[in-house]
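One-letter residues, chain by chain:
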Amino acid sequence: MAKVTIDGTEVEVQEGINIVEAAKAADVHVPHFCYHPSLSVVGQCRMCLVEVEGMPKLQAGCSTTVKDGMKIHVYNEKVDKARKGQMEFLLINHPLDCPICDKAGECPLQDYAFNYGSVESRYGEFKRTYPGMDRTSIGPHVVQNMNRCIHCTRCIRFTQEITGTSELAFFKRGAATEVGVFPDTPLDNWMSACVTDVCPTGALTTREFRFENRVWNLDSTESVCNGCDVGCNIFIGHRNGQVFRYRPRVNPEVNDHWLCDYGRFSYERYETDRVVVPKVRTDDYLGISTWGEALDAIETALRGASVTVIASANMTNEEAFLAGKLFGEHLKAKIELTVDPIGPIRMKSRTEWLEGMQGAPNYRGVAAVLGVASQNPAAPSFKITSSDVVYICDAEFSEKAKDPAFIAELRKAKTLIVHAWDATHPLAEAADILLPATTAAEKEGTWTNLQGRVQRIHQAFAPKGQAVADLEIFRRVGAKLFPQAAEFRSADAFDIFKQLRATVPAIQNAPMMEESAAGAW
Ligand code: SF4
Ligand code: SF4
Ligand code: FES
């Protein structure tokens, strides 16, 4: 360990880390553009200059490692002057685009221009521009505006060092240097949109989010991607109950700074008609009902019936717990669990590659809580025809739920009960009792990822219409059928989680991201 003093604060940090990282321990931010904690250090933007006592010139904070006893000045007059000079160089050619740039509001160049930019330019000539390169589609997801580029090479290093695909490079020389893709080699790798996160300007933006919303109008909620079992940590960017984007939330042990394109844009599935009221089939007509009428119909169907329950790897651990109480302990129903195989989707944590191979976030958690793990999770053996009632906990449990032959098989049951949020899903039409459920963005709980890590998802906004989370649906059905049972009096995800933590070994012993990071559950 090394003891260093940063702007008067003494901190103890690991010997050998650079000054930008060491300063974080003293809660001091060193301005920087080209440095990125998960990419190689190139020391080329010179924005991170700091003064180190005993060294004659200012030092680049990204490429200078700390030594015991170092005294570092991040904010003083000398450093300030250097930063102002550096910003003057960068702004000579940068367009005045902030009002029409999607990066505005979360742009390091804009922030540092406020702190270190001059209100007047000493340069009278025209700005350098890259004619025809101000809205270039360089891949399926990424749009480039070369006029905004500050040549930091973060994007180039990302494709070289993380994906290893090297689609991006510098072309031409000197003031004409440009970032581009090679002919016939678009930026089309499975994590391509990460370059828009690492770009410190609006030079690279995603086709999907471009001009959709100003970032300061969006609320941000911490959650987890449900595209696969890696469970990448995300921020949900949303406004008025609509998801506008997912951004990576740094977790060195899972997804570091990254998201795959499939997961990043998977929120687009929520842009559909929603199931907002319960429906009950009467005389072969699926008509709108109240929650009370739907629960009456469920009670009539379930009492004394043989029941097959199809659980879902999209359920939270807490939902699986209440489903287990209702269907396993009280109704003695047969519970099936399946998950679609996908990928593999490769995701890089800080230290290793993970491979997502299941098309849902929580097979491991649901299987552990329900005690129904099978050798081959993708191939359960449904015995539907022998049941009076088939109860589907989530219409999205598998892609095969959209297959007409499979739906015809389900329809052989006397009563088909379905939780669904997508009104265009074939099961929403086929159901005898349809219950309005929520998307993952509208509920609380935990998922267990492929490492066995239990990660929390947060509700970004309230459910649509009369929809409620599966947890509340199980509680309502349980309370209707078993009014004396204490477990159906509350659907508080936190209370249930505490019970899971105390009773289910796979959750008891799981590493908890939030406990270590924020002290929350
Ligand atoms: S496009 Fe962005 S990330 Fe790439 S070199 Fe330019 S400023 Fe840096
Ligand atoms: S690797 Fe899986 S969890 Fe991560 S972003 Fe992609 S789909 Fe989502
Ligand atoms: S961040 Fe250090 S030179 Fe760019």
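Model, not experiment: these values are computed from the prediction. (Residues numbered from 1 in each chain as written. Chains lettered and ligands numbered in written order. Predicted model: local features only at pLDDT ≥ 70, side-chain atom pairs only at ≥ 80, totals over all residues. Heavy atoms only, no water.)

Q: Would you take a moment to explain the site of ligand 1 for this structure?
A: In the region of ligand 1, the neighbouring residues are C149, I150, H151, C152, T153, C155, V179, C199, P200, T201, A203 and L204. Residue composition of the shell around ligand 1, by class: nine nonpolar, three polar and no charged. (Near = heavy atom within 4 Å. Nonpolar A, V, L, I, M, F, W, Y, C, P; charged D, E, K, R; others polar.)

Q: When you look at the site of ligand 2 in this model, what are you seeing that I'm missing?
A: Taken together, C225, G227, C228, G231, C232, L259, C260, Y262, G263, I345 and M347 make up all the residues around ligand 2. Those elements that place two or more of their residues in the shell around ligand 2 are helix 6 (261-264) and strand 18 (341-348). Partitioned by chemical class, the residues of the shell around ligand 2 number eight nonpolar, three polar and no charged. (Helix = DSSP H or I, 4+ residues; strand = E, 2+ residues; numbered from the N terminus.)

Q: Is there a simple way to explain the sheet that holds strand 12 (residues 233-239) in this structure?
A: One open sheet holds the three strands; their spatial order is 11-12-13, and the pairing between them is antiparallel. At either margin of the open sheet sits one strand with a lone partner, and together these are strand 11 (219-224) and strand 13 (242-248). Taking each pair of neighbouring strands and ignoring which way they run, the sheet shows an average axis angle of 30 degrees. Where strand 11 lies against strand 12, six bridges are found, and the strand directions are antiparallel. Paired with D219 across the two strands is H238, which belongs to strand 12. (Pairing = 2+ DSSP bridges. Axes fitted to C-alpha atoms, helices over the stretch in contact; angles between N-to-C directions.)

Q: Where do I start with the pattern of salt bridges in this structure?
A: Working definition: two side chains of opposite charge can pair if their charged atoms are close together. In the structure shown here, the tally under the stated rule is 32 salt bridges. Put simply, D197 and R264 hold a salt bridge, and the shortest N to O gap is 2.6 Å. With D197 in helix 5 (residues 194-198) and R264 in helix 6, this residue pair connects regions lying 67 residues apart in the sequence. Between E329 and K325 there is a salt bridge, and its shortest N-O distance comes to 3.1 Å. Taken together, the residues E329 and K325, both in helix 8 (residues 317-330) and four residues apart, mark about one turn of the helix. It is possible to trace a salt-bridge network through shared partners that takes in R281, D284, R411 and D432. (Salt bridge = Lys/Arg side-chain N within 4 Å of Asp/Glu carboxyl O.)

Q: How do you make sense of the pairing of strand 3 (residues 49-52) when you look at a structure like this?
A: On a regular strand, one side chain projects to one face of the sheet and the next to the other, so that they alternate. Burial along strand 3 is two-sided: the face carrying L49 and E51 and the face carrying V50 and V52 are both buried. Note: strand 3 against strand 4 (residues 59-60), two bridges, orientation antiparallel. Each residue of the ladder has a partner; that of L49, found in strand 4, is A60. Hairpin remark: strand 3 followed by strand 4, antiparallel, with six residues in the connecting loop; positive phi at G54, about 95 degrees. Note that strand 3 and strand 5 (residues 71-73) share two bridges and pair antiparallel. Bridge assignment links E51 to a residue of strand 5, and that residue is H73. (Buried < 20%, exposed > 50% of the residue type's maximum accessible area, 1.4 Å probe, protein only.)

Q: Looking at this model, I keep getting lost on the nonpolar core. Mind explaining?
A: Burial of nonpolar side chains together is a common tendency in soluble globular proteins. Of all hydrophobic cores here, the largest spans 53 residues; its most connected members are L302, F327, Y391, L435, F474 and V477. Those elements that place two or more of their residues in this core are helix 7 (291-302), strand 16 (307-310), helix 8, helix 9 (363-370), strand 20 (389-392), strand 22 (433-436), helix 12 (470-481) and helix 13 (493-503). Contacts of V477, omitting those with residues within four sequence positions, involve L295, I298, L302, L326 and Y391. Residues W258, I345, A440 and A460 belong to the second largest nonpolar core, which totals 48 residues. (Core = buried A, V, L, I, M, F, W, Y, C linked by side-chain atoms within 4.5 Å. Contact = heavy atoms within 4.5 Å.)

Q: Would you mind showing me how to read the sheet that holds strand 15 (residues 285-288) here?
A: Taken together, seven strands build an open sheet; the order of strands is 15-14-22-21-20-16-17 and the sheet is mixed. For this open sheet the edge positions go to strand 15 and strand 17 (334-336), each flanked by a neighbour on one side alone. Between one strand and the next, the sheet's axes are offset by a mean angle of 20 degrees, whatever the strand orientation. Here strand 20 runs beside strand 21 (residues 415-420); their pairing, made up of four bridges, is parallel. Bridge assignment links V389 to a residue of strand 21, and that residue is T415.

Q: Teacher, can you tell me more about the packing of aromatic side chains here?
A: Between two aromatic rings, the relevant description is the distance of the centres plus the angle of the planes. Summed over all chains, the structure comprises nine aromatic pairs. A centroid spacing of 5.4 Å and a plane angle of 65 degrees characterise the contact between Y246 and Y267, whose relative ring orientation is edge-to-face. Taken together, the residues span a long stretch of sequence, with Y246 in strand 13 and Y267 in the loop between helix 6 and strand 14 (279-282) at a distance of 21 residues. For Y246, a relative accessible area of 5% corresponds to the buried category. When the ring of F397 is compared with that of F406, the centres are 6.2 Å apart and the planes differ by 50 degrees; the resulting orientation is tilted. No difference in accessibility class separates F397 from F406, as the two residues are buried. For the cation-ring pair, R245 lies above F209, with the distance from its terminal atom to the ring centre recorded as 4.8 Å. (Phe/Tyr/Trp six-rings, centres within 6.5 Å; stacked < 30°, edge-to-face > 60°. Lys NZ or Arg CZ within 6 Å of the ring centre and 35° of its normal.)

Q: Help me understand the domain arrangement of the protein in this model?
A: Interface size, as often reported, equals the accessible area lost upon joining of the parts. Taken domain by domain, the protein consists of domain 1 (2-75), domain 2 (125-270) and domain 3 (279-517). Domain 1 and domain 3 are separated by 49 Å when their C-alpha centres are compared. (Domains from an automatic or database assignment.)

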